[in-house]
Amino acid sequence: MQVVCWLLCLSTAGALVVLQKKQVAQQAIKLYRGKGAPQGYSWVAGNCKQLAGLLHKKNVVVKKLAAAAAAVGKDQSLSEPERHFQVHTLEVFQKELNETGNLVFQAVQSLRRALQGDYKDVVNIKENSRQRLEALREAAIKEEQEYVELVAAEKHQQEAVKSALAQNKSLSMLDEILEDVRKAADRLEEEIEEHAFDNNKQMRGVNVEAVLRVEDEEKSGKRKNKSQQKEVEDDLGLSMLIDSQNNQYVLTKPRDSTMPRADHHFIKDLVSVVMLSLPCGWICSLVGLPPMFGYIICGVLLGPSCLNSIKSMVQVETLGELGVFFTLFVVGLEFSPERVRKVWKTSVQGSCYLSLLMVGAGLVWGQVLHIRPTQTVFISTCLSLSSTPLVSRFLAGSRGDKEGELDYSSVLLGMLVMQDVQLGLFIAVMPTLIQAQSGDLDSLRVLYLLAQVLGSLAVVLLLCLSFKSFLIGPYYKKLHAESKGNKEILVLGMAAFVFFMLTVTDFLGVSMELGCFLAGALLSTQGHMVTTEVMGCIEPIRDFLTIIFFASIGLHVFPTFVLYELTILLVLTLTLVIMKFVMAVLVLSVILPPGSQHIRWVVSAGLAQVSEFSFVLGSRARRAGIISREVYLLVLSVTTLSLLLAPVLWRVTTQRFVPRAERKMVT
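Bear in mind the structure is a predicted one, so any value in this text is a computation, not a measurement.

J.: Quick one: what's the story with the pairing of strand E2 (residues 240–243), residue by residue and with numbers?
T.: Pairing analysis gives four bridges linking strand E1 (residues 211–214) to E2, with the strands arranged antiparallel. Residue Val-211 lies in a different strand from E2, and its bridge partner there is Asp-243. When E2 meets strand E3 (residues 248–249), the two strands line up antiparallel, connected through two bridges. Looking across to E3, one finds that Leu-241 is bridged to Tyr-249. Linkage of E2 to E3, two consecutive antiparallel strands, is achieved through a turn of four residues, within which Asn-246 is found at a positive phi near 65°.

Below, the structure is given as structure tokens:
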């Protein structure tokens, strides 16, 4: 009842300019009586008089503030900074009163729409909520602007007071130097400040959202007895922000770039990963399992499914991607030109045939299960890829070259590299799949993208040939000459070359992983001694970053989900592994020469798992709407289980089909 009365009362307040306080109250009573209310006349009259009186006082105060601001602006006895500060303060207070009055009438309109709306219409209620949320966001921005302006005005006033005091007393030489430094520091802050908030808030596609700011417990405990101003000054901006979608954010670039900062969350996460990876990898080695099992278990324990102690998941995964880059670089170093010439035809044919078979089988299952073709093609392509970093660990140090026949390590690595090329092609075609999902598929667009990727690959090949002829030799000789007694120059030079090649391939629209492999392959053309020297410098970096990479895989393993759907996940994983193994055996039986048919079993075992890049592709497809949340979790779980099963299948196959003299223990 009181809400309705307030609505009627506030609706009459809009006529304040014309009506006097008593007239407003009488009009509200008439409207209230028209609703047939039996009581509450005195309550309505009293509150309407009070509201009308407040609004009238607001108008009077606003006029007085405007007059005061004009008088202060003409007062020549005040200094320019002080006059500016007082005028600005009066204007801000005047704006605050006007905004408060506007909010009253906005509340009236919102309440009227709510009373007139259909409470069974969820869409209407949602629209009203959205409008209120937008109004609150705009009000928050205005309030932030007013606060920043007041802080700036206060700063100018303090500077004016300091200037006045400085004029009245003589400064020492040290005080004059400090004063000059202070002015220079103020100019520096004004120059380096980008005003990113002010420049981006009006841009198209920018949304203003409410976030929660979470302080560290230690930091908040230390600041309990400090004032609000001191708290703002000491804050380094390293708090965590959480938006309404439960996404968590950390600082990437501070407003004040003159002060060094460190992301303590990221440092603690790295310390946790490294310290827990040691016992986990050690235990797996003692029981005869590959140490990478332990690294994945470390990620599971620290991830969101168990302890949930990793705060900077994106940063840890990004660092792990560097492990993939250096792993492929080392693979390229071991992949000599002779091995490339021997297996390139087999690698191209084998990887293409295997992908086509997987996509064809996926389309057949899609027709049976009534799955959309775009979703089927995406899932089949993801599952057709195999993990290059994982297999490279299996083949670490393996050089089984034999005269006149192919060795399994060369064929396997060649096919994996071609799959990395297909990964770049697939990433380039993903926008077309998104268009197909929305019904805007254009066949010419598909052909254009394919031609673009093939042209990019041709350009990459030409660049590699030119680098081999004119760049690699002189570049390495210069590094070798400068790095005598100082290996850091050699390490830095090799890392810079890897990043240069991945930048080139990424710029041309091909996968960065292929660029890392080509960097290693180009260096391998300089001979065995060069390869050995570079390997000795890069391998420790590769090993450390690879540990982070496998731990980051464990962050996406959810044991509870696997336990809930254990039966179906085991069936899907075993079916996929067996299907990939059989398909690889069939393809290799066709394309391998008769003298090398015995290696098809080992190569097939190395290909019978799913690449970790399906995590990346799956997340992109889920954001684009190509696959659903349920399919994404299934792909994630099947990929993880296949990676866990791969070492077992590899060991069994090598024990059975690789001679004892060539057998290499899985690392």
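Once you've had a look at it, read on.
J.: Describe the confidence of the model for the chain, listing the residues and the values that go with them.
T.: Looking at the chain, the pLDDT average stands at 77 and 77% of residues meet or exceed 70. No element of the chain has a lower mean pLDDT than helix H9 (residues 228–234), at 43, and none a higher one than helix H23 (residues 566–591), at 93. Here residues 1–22 is a poorly scored stretch, pLDDT under 50, and it has 44 contacts once near neighbours within four places are set aside; other chains count. Below a pLDDT of 50 lies the segment residues 222–236, which in the model reaches eleven contacts outside its immediate sequence neighbourhood of four places, other chains included.

J.: Break down the nonpolar core for me, with residues and values.
T.: Of all hydrophobic cores here, the largest spans 110 residues; its most connected members are Phe-378, Val-534 and Val-603. The element that contributes the greatest number of residues to this core is helix H21 (residues 528–554), accounting for eleven residues. Apart from the residues lying within four places of it in its own chain, the contact partners of Val-603 are Tyr-408, Val-411, Leu-412, Met-415 and Leu-588.

J.: Report on the side chain of Ser-351, specifying residues and quantitative values.
T.: You can see Ser-351 is positioned in helix H13 (residues 337–369). Looking at Ser-351, its side chain comes within polar contact range of the main-chain oxygen of Val-348, at 3.2 Å. The residues touching Ser-351, leaving out its near neighbours within four places in the chain, are Met-415, Met-418, Gln-419 and Gln-422.

J.: Describe in detail helix H19 (residues 487–507), supporting the description with residues and values.
T.: End to end, H19 covers 30 Å across 21 residues, agreeing with the expected 30 Å (1.5 Å per residue, within 8%). Looking one or two places after H19, you find Gly-509, whose phi comes out positive at around 85°.

J.: Help me get a handle on the sheet that holds E2, residues and values and all.
T.: Pairing within the open sheet is antiparallel, and its three strands lie in the order E1-E2-E3. What marks the edges here is a single partner per strand, and that holds for E1 and E3.

J.: I'd like a description of the packing of helix H12 (residues 313–334) against H19, backed by residues and values.
T.: Between H12 and H19, whose axes approach to 11 Å, the crossing angle comes to 100°. Classified by the angle their axes make, H12 and H19 are roughly perpendicular. The segment H12 lies against H19, with Leu-322, Phe-325, Phe-326 and Phe-329 engaging Ala-495, Val-498, Phe-499 and Leu-502. Of the residues assigned to the contact of H12 with H19, the class counts are eight nonpolar, no polar and no charged.

J.: Before we move on, could you go through the side chain of Lys-580 and cite the residues and values that matter?
T.: Position of Lys-580 among the secondary structure elements: in helix H23. For Lys-580, the side chain forms a polar contact with the main-chain oxygen of Leu-383, separated by 2.9 Å. A polar atom in the side chain of Lys-580 sits 3.4 Å from the backbone oxygen of Ser-384. Excluding residues within four positions of it along the chain, Lys-580 makes contact with Leu-354, Met-358, Leu-383, Ser-384, Leu-385, Ser-386, Leu-607, Ala-608 and Gln-609.

J.: Got a sec to walk through the pattern of salt bridges? Specific residues and values, please.
T.: Using the criterion set out here, one finds five salt bridges in the structure. In this structure, Arg-542 and Asp-543 form a salt bridge, with 2.8 Å as the shortest nitrogen-oxygen distance. Taking the relative accessible area as the measure of exposure, Asp-543 reaches 32% and is therefore partly exposed. Among the charged side chains, a salt-bridge network with shared partners connects Glu-539, Arg-542 and Asp-543.

J.: Describe in detail unusual backbone geometry, supporting the description with residues and values.
T.: Not every positive phi belongs to a glycine, and Asn-308 is a case in point at roughly 55°. The exposure class of Asn-308 is partly exposed, given its relative accessible area of 42%.

J.: Would you mind going over the packing of aromatic side chains in detail, with residue names and values included?
T.: By convention here, two paired aromatic rings are described through the distance between centres and the angle between planes. A complete count under the given rule lists eight aromatic pairs for this structure. Here the aromatic cluster, defined as three or more aromatic residues joined through ring pairs, consists of Phe-394, Tyr-408 and Trp-650. For the cation-ring pair, Arg-656 lies above Phe-657, with the distance from its terminal atom to the ring centre recorded as 5.0 Å.

J.: Can you tell me about the environment of Val-658, naming the residues and giving the values?
T.: Relative to the elements of secondary structure, Val-658 occurs in the segment after helix H26 (629–657). The exposure class of Val-658 is buried, given its relative accessible area of 5%. Sequence separation of Val-658 and Ile-599 is 59 residues, and the distance between their C-alpha atoms is 8.2 Å.

J.: Describe in detail the environment of Ala-139, supporting the description with residues and values.
T.: Examined against the element boundaries, Ala-139 turns out to sit in helix H5 (residues 122–168). A sequence separation of 36 residues divides Ala-139 from Leu-103, and the C-alpha atoms of the two residues are 9.4 Å apart.

J.: I'd like a rundown of the packing of helix H10 (residues 264–286) against helix H11 (residues 291–302), residues and numbers included.
T.: H11 packs onto H10 with a crossing angle of 135° between their chain directions and a minimal axis gap of 7 Å. In terms of their interaxial angle, H10 and H11 are classed as oblique. For the element pair H10 and H11, the recorded crossing hand is right-handed. Where H10 approaches H11, its residues Ser-272, Val-273, Leu-276, Ser-277, Cys-280, Gly-281, Cys-284 and Ser-285 are matched on the opposing element by Pro-291, Phe-293, Gly-294, Tyr-295, Ile-297, Cys-298, Leu-301 and Leu-302.

Cut-offs applied
- Residues numbered from 1 in each chain as written.
- Predicted model: local features only at pLDDT ≥ 70, side-chain atom pairs only at ≥ 80, totals over all residues.
- Heavy atoms only, no water.
- Pairing = 2+ DSSP bridges.
- Helix = DSSP H or I, 4+ residues; strand = E, 2+ residues; numbered from the N terminus.
- pLDDT = per-residue confidence, 0-100.
- Contact = heavy atoms within 4.5 Å.
- Core = buried A, V, L, I, M, F, W, Y, C linked by side-chain atoms within 4.5 Å.
- Buried < 20%, exposed > 50% of the residue type's maximum accessible area, 1.4 Å probe, protein only.
- Polar contact = N/O pair within 3.5 Å; in protein donor to acceptor, adjacent residues only side chain to side chain.
- Expected span 1.5 Å × (residues − 1).
- Axes fitted to C-alpha atoms, helices over the stretch in contact; angles between N-to-C directions.
- Parallel < 35°, antiparallel > 145°, perpendicular 65-115°, else oblique.
- Nonpolar A, V, L, I, M, F, W, Y, C, P; charged D, E, K, R; others polar.
- Salt bridge = Lys/Arg side-chain N within 4 Å of Asp/Glu carboxyl O.
- Phe/Tyr/Trp six-rings, centres within 6.5 Å; stacked < 30°, edge-to-face > 60°.
- Lys NZ or Arg CZ within 6 Å of the ring centre and 35° of its normal.
- Left-handed = near helix turned anticlockwise from the far one by under 90°.

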